[in-house]
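Structure at a glance
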2 protein chains.
Amino acid sequence: MLYIVGLGLGDEKDITLRGLEAVRRCQKVYVEAYTSLLSFGLSSDGLSTLEKLYGKPVTLADREMVEEKADSILSEARDSDVAFLVVGDPFGATTHSDLVVRAKQVGINVKVVHNASVINAVGVCGLQLYRYGETVSIPFFTETWRPDSFYEKIKRNRTLGLHTLCLLDIRVKEPSLESLCRGKKLYELPRFMIIETAIEQLLEVEHNRRESVYSEDSTCVGFARLGSEDQMIVAGSMRQLLTVDFGPPLHCLVIVGETHPLEEEMLSFFTCQQAITENKDETKHVVK
Amino acid sequence: MLYIVGLGLGDEKDITLRGLEAVRRCQKVYVEAYTSLLSFGLSSDGLSTLEKLYGKPVTLADREMVEEKADSILSEARDSDVAFLVVGDPFGATTHSDLVVRAKQVGINVKVVHNASVINAVGVCGLQLYRYGETVSIPFFTETWRPDSFYEKIKRNRTLGLHTLCLLDIRVKEPSLESLCRGKKLYELPRFMIIETAIEQLLEVEHNRRESVYSEDSTCVGFARLGSEDQMIVAGSMRQLLTVDFGPPLHCLVIVGETHPLEEEMLSFFTCQQAITENKDETKHVVK
């Protein structure tokens with residue numbers, strides 16, 4: 001049996017009782033390293049936090065390992081119980097679908113243990129989840145690669161009055177350009193897009209396209225470390241959010257569509273000055 | 001402190017360790033009864049399952065109670081730790097936003113413990129979550145009230161190639177028409193819309209509007225008891241799904257938009273005949 005277990009968003013305590021039971025039942029436990037690791041502090045220390053809780057060793061499985069060694073992971077799952085742990089909910093990222101498809105193709109049973117993901121946890125800011133349009137991803141721009149397909153999607157959402165969740169780029173264990181040229185395995189340093197970068201890129205695209213989809217005055221909500229004890233949520237215009245130091249990743253951003261009175265009331269608790277004051281003691285992040 | 005704790009979708013074991021710690025810390029524990037109760041079997045028996053796990057009494061709080069006694073719940077939360085337990089994730093339903101707003105207005109600290117919700121758990125069928133458009137609700141039609149605003153939204157989603165999650169009506173503790181007339185408190189029997197009813201209503205609206213937004217041949221995915229041990233997931237045309245007995249509630253439905261190859265591969269594991277065979281042993285639900 002292959003268990004795909006969501007770990008939730010905060011730390012090791014966000015696993016469900018059902019998930020923990022599954023992990024404890026398994027002979028082998030992998031934890032994905034490619035979607036996001038930060039919240040779980042999976043340094044050698046973080047790993048032992050998980051290992052201590054689970055009472056067994058945990059193998060860190062980065063994207064390369066999952067892609068290259070999927071067959072051996074699956075053959076273990078054929079003869080014994082294997083857990084594959086995933087930050088958030090198992091189906092946030094495509095890679096896990098891939099593993100499930102391969103398992104089912106060779107007749108291995110798969111059980112999924114769900115958990116919170118960014119997609120539903122953003123509900124905490126008070127914007128109703130059923131009023132979101134299509135989710136967009138904002139990739140890191142490079143000198144030569146500045147894809148802006150998110151602009152069309154945001155435009156459609158805003159035309160319909162819907163909110164837009166923007167997932168910000170995560171680059172972990174990406175082969176460096178130099179490494180690709182020389183045929184050696186060298187990796188870029190991990191990079192996590194912050195809200196400031198996302199807004200700068202969004203405004204750059206608006207500046208080029210000039211279709212008035214949004215502007216510096218458009219209301220957004222910035223989330224940092226969503227679901228963890230020191231999460232930070234600030235609502236304000238793009239211009240205002242550019243001045244906020246959200247601290248360590250992961251970050252995500254919501255571009256607010258048309259709002260109902262109850263949504264506005266909830267958002268008001270997170271508006272720029274107030275939210276910063278509320279969060280100050282815990283997070284020590286202040287306006288620049 | 002007011003803790004709003006998501007219980008997840010299956011049973012009492014879907015609470016997170018963080019959530020369980022919060023509940024055990026609290027002097028008073030309420031569990032919402034209005035969004036959905038079935039998965040937790042909250043008969044007197046179900047309640048004691050929770051009480052046994054938590055080691056303390058749990059008060060069932062239906063909508064009426066939360067609306068009428070919010071002040072007293074909040075005044076308890078001012079002086080002590082109170083947990084308010086919610087099926088799924090805390091921000092699936094508006095009522096919880098309401099409680100949070102009222103708490104914050106009077107200066108009571110609120111902590112949210114997230115969990116899986118239908119919104120992200122539908123990812124298990126393999127349709128990518130970022131390719132969903134606006135979520136729609138399908139209300140029970142009556143003789144005189146047949147609202148079809150979902151039709152416009154589904155049309156927009158399908159025009160964009162996006163999937164549509166349809167949440168199906170739940171009517172718990174609704175005052176009966178007779179009771180409203182006589183000024184006595186009498187309630188309708190609880191009703192939970194099944195997939196069959198949802199599809200019939202969808203097709204009725206298409207038949208009246210005739211904008212070819214979808215048809216009996218449109219591919220959908222039906223979910224019953226999502227996230228629980230005996231969940232059932234079947235992909236097929238509306239016509240095919242009309243012949244499937246999905247068993248007890250809760251049900252929900254996804255109308256499939258344009259699909260990528262990996263999505264199709266995942267869906268194929270749930271197509272009508274295969275899924276029924278896979279699920280048969282566990283659920284004893286067969287094609288009519």
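What you are looking at is a predicted structure, and each value in this text was computed from that prediction instead of being measured.

1. Regarding the pattern of salt bridges
For side chains bearing opposite charge, pairing can occur when the charged atoms are close. Tallied over the entire structure, the rule returns 36 salt bridges over all chains. Among the ionic pairs, B:R209 bridges to B:E211, the shortest N-O distance being 3.4 Å. With a closest N to O distance of 3.1 Å, B:R225 and B:D230 form a salt bridge. The buried category is assigned to B:R225, whose relative accessible area is 10%. Among the charged side chains, a salt-bridge network with shared partners connects A:D11, A:D14, A:E229, B:R18 and B:K111.

2. A few points about the relation of the copies chain B and chain A
For the match of chain B to chain A, the screw axis carries a shift of 0.0 Å, the RMSD comes to 0.0 Å, and the turn is 180°. Taken together, the rotation angle and the small translation identify this as a two-fold axis.

3. Some points on the environment of B:C166
All names here are of chain B. By the element assignment, C166 lies in strand β7 (residues 164-168). C166 sits 30 residues away from V136 along the chain, and the two C-alpha atoms are 5.0 Å apart. Apart from the residues within four sequence positions on either side, C166 is in contact with V136, I138, C252, L253 and I255.

4. Quick look at the pairing of strand β11 (residues 232-237) of chain A
Residues and elements named next belong to chain A. For β11, the buried fraction is high: six of the six residues fall into the buried class. As paired elements, strand β10 (residues 219-224) and β11 share six bridges and run antiparallel to each other. Its bridge partner being in β11, T219 is matched across the sheet by S237.

5. What about the environment of A:D71?
Residues and elements named next belong to chain A. Residue placement: D71 occurs in helix α3 (residues 63-79). Along the sequence, D71 and R102 sit 31 residues apart, while their C-alpha atoms lie 8.6 Å from each other. A distance of 2.8 Å separates polar atoms of two side chains, one belonging to D71 and the other to R102.

6. Focus: the confidence of the model for chain A
Residues with a pLDDT of 70 or more make up 84% of chain A, whose mean pLDDT is 87. Across residues 275-288 of chain A, where pLDDT falls below 50, the model places 30 contacts with residues more than four positions away in sequence or in other chains.

7. Regarding the pairing of strand β4 (residues 82-86) of chain B
All names here are of chain B. Counting buried residues in β4 gives five out of five residues, a clear majority hidden from the surface. Looking at chain direction, strand β2 (residues 28-32) and β4 are connected through four bridges and run parallel. Its bridge partner lying in β4, K28 is registered against V82.

8. Digging into the environment of A:V113
All names here are of chain A. Mapped onto the secondary structure, V113 falls in strand β5 (residues 110-113). For the pair V113 and P90, spaced 23 residues apart in sequence, the C-alpha to C-alpha distance is 7.7 Å. Other than its neighbours up to four places away in sequence, V113 contacts I4, V5, G6, T16, R18, G19 and P90.

9. Here's the deal with the interface of chain B and chain A
Taken together, the contact pairs 49 residues of chain B with 50 residues of chain A. Buried area between chain B and chain A, both sides added, is near 4,700 Å², and the carbon and sulfur share of it is 59%. The salt bridge involving A:E21 is made with B:K13; its shortest N-O contact spans 3.4 Å. Linking chain B with chain A are 22 residue pairs in polar contact (both at pLDDT 80 or more). Elements that contribute at least two residues to the side of chain B that touches chain A include exactly α1 (17-25), α4 (94-105), β5 (110-113), α5 (118-121) and α10 (261-268) of chain B. Among the elements that make up the side of chain B that touches chain A, the one with the highest residue count is α4(B) (seven residues). Its residues placed into classes, the side of chain B that touches chain A shows 21 nonpolar, 14 polar and 14 charged.

Parameters at a glance
Residues take numbers from 1 onward in each chain, read along the sequence in its written order. Both sets of labels track the order of writing: A upward for chains, 1 upward for ligands. Only residues with pLDDT of at least 70 are given local features in this predicted model, and only at 80 or more are side-chain atom pairs given and counted; all residues enter the totals for whole chains, interfaces and linings. Only hydrogens and water are set aside; all other atoms, that is, all heavy atoms of the structure, feed into the side-chain values. Salt bridges are defined by distance alone: a side-chain nitrogen of Lys or Arg within 4 Å of a carboxyl oxygen of Asp or Glu. Burial classification: accessible surface area is computed with a 1.4 Å probe over protein chains only, and a residue below 20% of its type maximum counts as buried, one above 50% as exposed, and the rest as partly exposed. A least-squares fit on C-alpha atoms brings the copies together, and the residues used are those whose pLDDT is at least 70 in both copies. Helix and strand definitions here come from DSSP, where helices need a minimum of 4 consecutive H or I residues and strands a minimum of 2 consecutive E residues; each element is numbered from the N-terminal end. Two residues qualify as a contact provided that any one of their heavy atoms is within 4.5 Å of a heavy atom in the partner residue. Two strands qualify as a pair provided DSSP detects at least 2 bridges between them. Whenever two N or O atoms come within 3.5 Å, that pair is a polar contact, provided that in protein one can donate a hydrogen and the other can accept it, and provided that, for residues adjacent in sequence, both atoms are side-chain atoms. A residue's pLDDT is simply how confident the predictor is in it, with values from 0 to 100. When two components associate, each loses some accessible surface as probed by a 1.4 Å sphere; the sum of these losses over both components is called the buried area. Residue polarity is assigned by list, with Asp, Glu, Lys and Arg as charged and Ala, Val, Leu, Ile, Met, Phe, Trp, Tyr, Cys and Pro as nonpolar; anything else, Gly included, falls into the polar class.

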